[in-house]
Amino acid sequence: MHKEDIPTTYYGVPIEGFDVFRRCWKECLDKSDYNNRRNQVNSFNSKNKWTKRGIAIVPLKFNVGNYPTFMHQAGAMVNLYLDGSVLIHHGGVEVGQGIHTKMIQIASRVLGIPVDKIHVAENSTYVIPHATDTAGSHSTDMWGMAVKNACDTLVDRLAPFKSDKPDGNFADWVSAAYFSRVNLSVIGYYQTPDITWDWATKTGRPYPYSTFGAACSEVQIDCLTGSHELMRTDIVMDVGKSLNPALDIGQIEGAFMMGYGYFMLEELLWDKDGTLITNGPYNYKIPCVRDIPAEFNITLLRNCPNVRGVYSSKGIGEPTLCLANTVHFAVQDAIQSARADAGISEVFALEAPATPDRIRKACGELNFTKL
């Protein structure tokens, strides 16, 4: 953990909100009951030779955004229609992460109308050209601000008509604006501020902000087969002031399980001719329902607004994937107990993915005469 008064990254950029990092760490320690469970794991391992448990807790600091700087820009178009409905075009790609839902929520908040009156069009470079890639966990930050900027302009354009007919509804004001020849189609644009980086001097701010978190995972391994069970995972994540807690929790769970596949299951193998042989579900294993932790606890850190995000929120798409390394470290912890029983003291390396054969081999030679 950083100890200086103003902690910095290894490349010299001050870490804003480091108190949030410490809060995530402390809350994860408390909610996971790490210290008591650490003792319980040690007690279990002292009584069992062929089945071992391990536990690990890891903090996280994840830079949100992409580099280089030109990628920090976004555009959106918002159209108002005479029936009071709204159509949003933006450059973010919906791949199940809920970006369309959040765009609708942002527009609803600015325009002051129900979400069922707002629709999102399919992505098209005919309408929104040069869209930055949907990556870096900052898609909602950028396109959300572009949508907000467009909606703010529309609110200003409708203001005189709302003032003239305060007891009217949204459709009334839109119709009045249309018959007064007011443009009801607006392009919103946003560029993330204060993003600079000089490679020569290694100074500046390459990313707008960081997302923080911590996770604790406990596993049980079978030393004879190398199989493992993910018994429990506790995650505490800083998502700023969440735009949609249900979506954010889903993103945290999904990203963690994707990372679990990376660290524990998904192994690429080639034959001697260089042909990929792990080319299908039979021999390339991805996480399934039974791989989800038996107990899976997600906590969104409270009272940590992000001044650099849309409505004080933070990006959450990718950060939690990294916290799946807690499973890998917990397996290493369990293996260490097995090796100690076998009298093996050498440091060992457990490559990722930690497949059953690698776990079994890492446990060392087993003395079956003492079964």
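Each value, and the rule that gives it
- Residues numbered from 1 in each chain as written.
- Predicted model: local features only at pLDDT ≥ 70, side-chain atom pairs only at ≥ 80, totals over all residues.
- Heavy atoms only, no water.
- Pairing = 2+ DSSP bridges.
- Helix = DSSP H or I, 4+ residues; strand = E, 2+ residues; numbered from the N terminus.
- Axes fitted to C-alpha atoms, helices over the stretch in contact; angles between N-to-C directions.
- Contact = heavy atoms within 4.5 Å.
- Core = buried A, V, L, I, M, F, W, Y, C linked by side-chain atoms within 4.5 Å.
- Buried < 20%, exposed > 50% of the residue type's maximum accessible area, 1.4 Å probe, protein only.
- 1 Å grid on protein atoms, 1.4 Å probe; cavity = no way out; pocket = protein on both sides within 12 Å on 5 of 7 lines; lining within 4 Å.
- Points joined across faces, edges and corners; volume = space filled by probe spheres on them.
- Nonpolar A, V, L, I, M, F, W, Y, C, P; charged D, E, K, R; others polar.
- Phe/Tyr/Trp six-rings, centres within 6.5 Å; stacked < 30°, edge-to-face > 60°.
- Lys NZ or Arg CZ within 6 Å of the ring centre and 35° of its normal.

Enquirer: Any chance you could explain the sheet that holds strand S8 (residues 209-222) here in plain terms?
Expert: Hydrogen bonds between backbone groups are what pair the strands of a sheet, and the pairing can be parallel or antiparallel. Pairing in this open sheet of four strands is mixed, and the strands run S1-S8-S9-S10 from one edge to the other. Of all the strands in the sheet, just strand S1 (51-64) and strand S10 (295-300) have a single pairing partner and so form its edges. Each strand axis lies, on average, 15 degrees off the axis of its neighbour in the sheet, ignoring direction. Inspection of the sheet shows S8 paired to strand S9 (residues 228-237) by nine bridges, in the antiparallel sense. Paired with serine 217 across the two strands is threonine 233, which belongs to S9. Sitting on the sheet, helix H8 (residues 325-341) is in contact with S1, S8 and S9, with an inclination near 150 degrees to S1.

Enquirer: Is there a simple way to explain the nonpolar core in this structure?
Expert: Inside soluble globular proteins, nonpolar side chains tend to come together where they are buried. Membership of the largest hydrophobic core comes to 37 residues, with the highest contact counts inside it found for Ile221, Met264 and Ile335. Listing elements by their share of this core, those giving two or more residues are S1, S8, S9, helix H6 (245-264), S10, H8 and helix H9 (356-362). Discounting residues that sit within four places of it in the chain, methionine 264 has contacts with His228, Val327, His328, Val331, Pro353, Ala354, Thr355 and Ile359. Core analysis: the next-biggest nonpolar cluster, separate from the first, contains 34 residues, Leu111, Ala150, Leu184 and Val310 among them.

Enquirer: Would you explain the layout of surface pockets in this entry?
Expert: Space left empty within the atom packing is revealed by a probe, the size of a water molecule, rolled over the atoms. What the largest pocket holds in volume is close to 500 Å³. As for the largest pocket, its lining consists of 24 residues, of which Gln97, Gln251, Ile316, Gly317 and Glu318 are closest to the centre. When residues of the lining of the largest pocket are traced back to their parent elements, those giving at least two are helix H3 (99-111), helix H4 (139-164) and H6. When residues in the lining of the largest pocket are grouped by element, the largest group, four residues, is from H6. Across the lining of the largest pocket, the residue classes tally to eight nonpolar, 12 polar and four charged.

Enquirer: I'm lost on the packing of aromatic side chains in this one. Help?
Expert: The way to describe two aromatic rings as a pair is by their centre distance and the angle between their planes. Using the criterion set out here, one finds five aromatic pairs in the structure. On the basis of an interplanar angle of 20 degrees and a centroid distance of 5.0 Å, the ring pair of phenylalanine 18 and phenylalanine 21 is categorised as stacked. Within this pair, phenylalanine 18 and its partner phenylalanine 21 are both found in helix H1 (residues 18-32), separated by three residues, close to a single helical turn. A centroid spacing of 5.2 Å and a plane angle of 70 degrees characterise the contact between tyrosine 178 and phenylalanine 179, whose relative ring orientation is edge-to-face. Here tyrosine 178 falls in the partly exposed class, since its relative accessible area comes to 47%. Using a relative accessible area of 64% as the deciding quantity, one classes phenylalanine 179 as exposed. Lying across the ring of tyrosine 311, arginine 109 places its NZ or CZ 3.8 Å from the centre.

Purely geometric stuff here, so don't read any function into it on its own.
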